[in-house]
Amino acid sequence: QCPWGAPNTTSISCSLADVMSEQLAKELQLEEENAAFPEAVAVAEGPFITGENIDTSSDLMLAQMLQMEFDREYDAQLRREEKKINGDSKVSISFENYRKVHPYDSDSSEDEVDWQDTRHDPYRADKPTTTPRKGFIGKGKDITTKHDEVVCGRKNTARMENFAPEFQVGDGIGMDLKLSNQVFNALKQHAYSEERRSARLHEKKEHSTAEKAVDPKTRLLLYKMVNAGMLETITGCISTGKESVVFHAYGGKSATEDKVIPPECAIKVFKTTLNEFKNRDKYIKDDYRFKDRFSKLNPRKIIRMWAEKEMHNLTRMQNAGIPCPQVVILKKHVLVMSFIGQDQVPAPKLKDVTLSSEDMKKAYYQILNMMQQLYKECNLVHADLSEYNMLWHDGKVWLIDVSQSVEPTHPHGLEFLFRDCRNVSQFFQKGGVAEALNERELFNAVSGLNITAENEVDFQAEIEALEKMNEDHVQNHGKKLSMFSGDGDPPIYDE
Ligand code: ADP
Ligand code: MN
């Protein structure tokens, strides 16, 4: 039932003469007022407290109050419908995005910044709205007594129908509501900015829920991949880490004949929220492959560089025959690769599987082998090697997560290698592999270096000394020492 009572239809007409007489009446009134209260007129400025045009400002308040009331009812209705649709189903649909977001209800202040867009904005969002009711009752009576404004006011009310469809104007005609030109224009402007504001707010909400999934830009990238037929469907999320989100997808058809898209793919989306990446600076900043580029890049591009790095490193590993995901495509910060696992179930991490002692031993020797290959053939140190980044699939170990991998001559490359060795040794020693080398033996076995220090502290000191020696050599001779790779200079990286 309508809270405003039955509408009584009024015929609306407005001639030029009416408008003219309205203006004339206004001018006369203004003159009168100016003569009576010259100061009061001069100071009045704000949209709510006006000396110049008291009656229209109460119109404005009336309109705002109506709008709020209407929005509240609309939202309540929406909630009822939402509840009815969802029932007690486990999966629920949210109507949240259809909710009216009203500036007077809103308590978030950061949103108000954008209001400065409109040069003359009669609505100041920070205006207190505590007194409208009083103002409206006290002054409302005056409006209807001005005959010349009535007709034009009705016409303005009717014109509100032209506002954006989602802008609820209410049944102004039925109520015989009259809006002055000034109020109507203000409302029109309000309708416009409200529309944009609402769009912005909803967009923002999308960003915050995207913490778990992805932001709209990434979604568009993924959508394009599906649309191009490269991916069949994106089924769901496998992992949400600090720095990336990984999805599973079924592969589609490749545009080019020579390239085959694997039946199942993993999509690694590097997070574009930057704070998490700050602590990774040291990996890339000191990597001479990226040295020239790093300083010139904006943060968004740096994140793309992580994805790019992972792609290049995976390709090197693939070429060396190390079991790892195969690169399918790289688009900005989204890397598509082959899926390690089957039927949407990712292969378990080494930390999550219980292997027989025989498999455990097999895995150990395989990893020792892979670390050597990685170092000698790929000229890489994984730099985040642990049971978390090794998957057990098809009876063997697969290496993943190589975006942070560096070349051995990286200023901290040997330290990273030592850390990798420690993780691996500890895991397999705890796992009962009697043959497992300790971290120092493993380090020497992988690097081909012969550091003889008997304890960890001395060992680490020697590693750092070696790194420093190499850095000094770069300073003095502009190139790296060849001592690490064994045969000549390490291959200079090119794309
Ligand atoms: P992060 O930097 O977040 O650790 P990872 O590359 O390690 O990123 O991926 C996170 C998780 O996603 C992995 O632990 C693994 O379970 C899963 N994953 C990543 N790539 C693949 C892939 N190619 N196939 C199957 N699972 C994968
Ligand atoms: Mn990982």
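Residues numbered from 1 in each chain as written. Chains lettered and ligands numbered in written order. Predicted model: local features only at pLDDT ≥ 70, side-chain atom pairs only at ≥ 80, totals over all residues. Heavy atoms only, no water.

The next point concerns the packing of aromatic side chains. Note on aromatic pairs: each is described by the distance of the centres and the angle between the planes. Using the criterion set out here, one finds six aromatic pairs in the structure. Pairing Tyr364 with Phe428 gives two aromatic rings, centres 5.2 Å apart and planes at 65°, and the pair type is edge-to-face. Of this pair, Tyr364 sits in helix α11 (residues 357–376) while Phe428 sits in helix α12 (residues 413–430), placing them 64 residues apart in sequence. The two residues Tyr364 and Phe428 agree in class, both being buried. Look at Phe418 and Phe443: their rings are 5.9 Å apart centre to centre, the planes differ by 80°, and that puts the pair in the edge-to-face class. Of the two residues, Phe418 is situated in helix α12 and Phe443 in helix α13 (residues 439–447); the sequence distance between them amounts to 25 residues. (Phe/Tyr/Trp six-rings, centres within 6.5 Å; stacked < 30°, edge-to-face > 60°. Helix = DSSP H or I, 4+ residues; strand = E, 2+ residues; numbered from the N terminus. Buried < 20%, exposed > 50% of the residue type's maximum accessible area, 1.4 Å probe, protein only.)

Once that is clear, we can look at the coordination of the manganese ion (ligand 2). Here the manganese ion (ligand 2) is held by the protein donor atoms Asn389 (OD1) and Asp401 (OD), which lie 2.2 Å from it. Of this pair, Asn389 sits in the loop between α11 and β8 (390–393) while Asp401 sits in the loop between β9 (396–399) and α12, and the two are 12 residues apart along the sequence. The same class applies to Asn389 and to Asp401, which are both buried. (Donors = N, O, S within 2.8 Å, 3.2 Å for Na, K, Ca; no water.)

The next point concerns the site of ligand 1. What surrounds ligand 1 is a group of 16 residues, the closest being Ser244, Lys268, Ile340, Lys349 and Asp401. Ser244 is positioned with one of its side-chain polar atoms (N or O) 2.8 Å from an oxygen atom of ligand 1. Ile340 places a polar main-chain atom, nitrogen or oxygen, 2.8 Å from a nitrogen atom of ligand 1. Protein chains bury 90% of the 540 Å² of accessible surface belonging to ligand 1 in isolation. Counting residues per element, the ones that place at least two in the shell around ligand 1 are β2 (244–251), β3 (264–270) and β5 (334–338). Of the residues that constitute the shell around ligand 1, the class distribution is eight nonpolar, five polar and three charged. (Near = heavy atom within 4 Å. Polar contact = N/O pair within 3.5 Å; in protein donor to acceptor, adjacent residues only side chain to side chain. Areas by Shrake-Rupley, 256 points an atom, 1.4 Å probe, with all protein chains shown as cover. Nonpolar A, V, L, I, M, F, W, Y, C, P; charged D, E, K, R; others polar.)

Overall, the coordinates contain eight salt bridges when judged by the stated rule. Its salt-bridge partner being Glu435, residue Lys361 comes within 3.2 Å of it at the nearest N-O pair. Of this pair, Lys361 sits in helix α11 while Glu435 sits in the loop between α12 and α13, and the two are 74 residues apart along the sequence. Shared partners join several salt bridges into a network, and the residues in it are Lys268, Glu310 and Asp401. (Salt bridge = Lys/Arg side-chain N within 4 Å of Asp/Glu carboxyl O.)

Attention shifts here to the nonpolar core. Core analysis: the largest hydrophobic core is formed by 58 residues, its most contacted members being Leu350, Ile367, Met371, Val424, Phe428 and Phe443. The element that contributes the greatest number of residues to this core is α11, accounting for nine residues. Leu221, Leu222, Ile329 and Val336 belong to the second-largest nonpolar core, a separate cluster that totals 17 residues. (Core = buried A, V, L, I, M, F, W, Y, C linked by side-chain atoms within 4.5 Å.)

Moving on: the confidence of the model for the protein chain. Taken residue by residue, the protein chain gives an average pLDDT of 78. The fraction at 70 or more is 71%. Under a pLDDT of 50 for its full length, residues 40–54 has, in the predicted model, 20 contacts with residues more than four places off or in other chains. Contacts from residues 485–495, a stretch scored under 50 in pLDDT, to residues over four places away or in other chains number 20 contacts. (pLDDT = per-residue confidence, 0-100. Contact = heavy atoms within 4.5 Å.)

Taken in spatial order, the five strands of this open sheet run β1-β2-β3-β5-β4, and their pairing is antiparallel. The open sheet terminates on both sides in strands that have one partner only, identified here as β1 (231–240) and β4 (327–331). When the angles between neighbouring strand axes are averaged without regard to direction, this sheet yields 20°. The sheet contact formed by β4 and β5 spans four bridges and is antiparallel. Its bridge partner being in β5, Val327 is matched across the sheet by Met337. (Pairing = 2+ DSSP bridges. Axes fitted to C-alpha atoms, helices over the stretch in contact; angles between N-to-C directions.)

Our focus in this paragraph is the packing of α13 against helix α14 (residues 456–477). Running from N to C, α13 and α14 point in directions that differ by 25°, and their axes come no closer than 11 Å. Considered as vectors, α13 and α14 are oriented roughly parallel to each other. Of the residues in α14, those in contact with Glu439, Arg440, Phe443 and Asn444 of α13 are Glu456, Phe459 and Ile463. In terms of residue class, the contact of α13 with α14 is made up of three nonpolar, one polar and three charged. (Parallel < 35°, antiparallel > 145°, perpendicular 65-115°, else oblique.)

Bringing the packing of α11 against α12 into the picture now. For any two helices packed against each other, one specifies the inter-axial angle together with the distance between the axes. At a minimum axis distance of 11 Å, the contact between α11 and α12 shows a crossing angle of 170°. Relative to α12, α11 is oriented roughly antiparallel. Contacts between α11 and α12 pair Met360, Ala363, Tyr364, Ile367, Met371 and Tyr375 from the former with Leu414, Leu417, Asp420, Cys421, Val424, Phe427 and Phe428 from the latter. Across the contact of α11 with α12, the residue classes break down as 12 nonpolar, no polar and one charged.

The element β2 is largely enclosed, with a buried count of seven among its eight residues. Pairing of β1 with β2, which is carried by seven bridges, proceeds in the antiparallel orientation. When the sheet's bridge partners are listed, Leu231 is paired in β2 with Gly251. Taking the residues between adjacent antiparallel strands as the criterion, β1 and β2 are bridged by three residues. Two elements, β2 and β3, share seven bridges in a ladder whose sense is antiparallel. The partner of Ala249 across the bridge, within β3, is Cys265.

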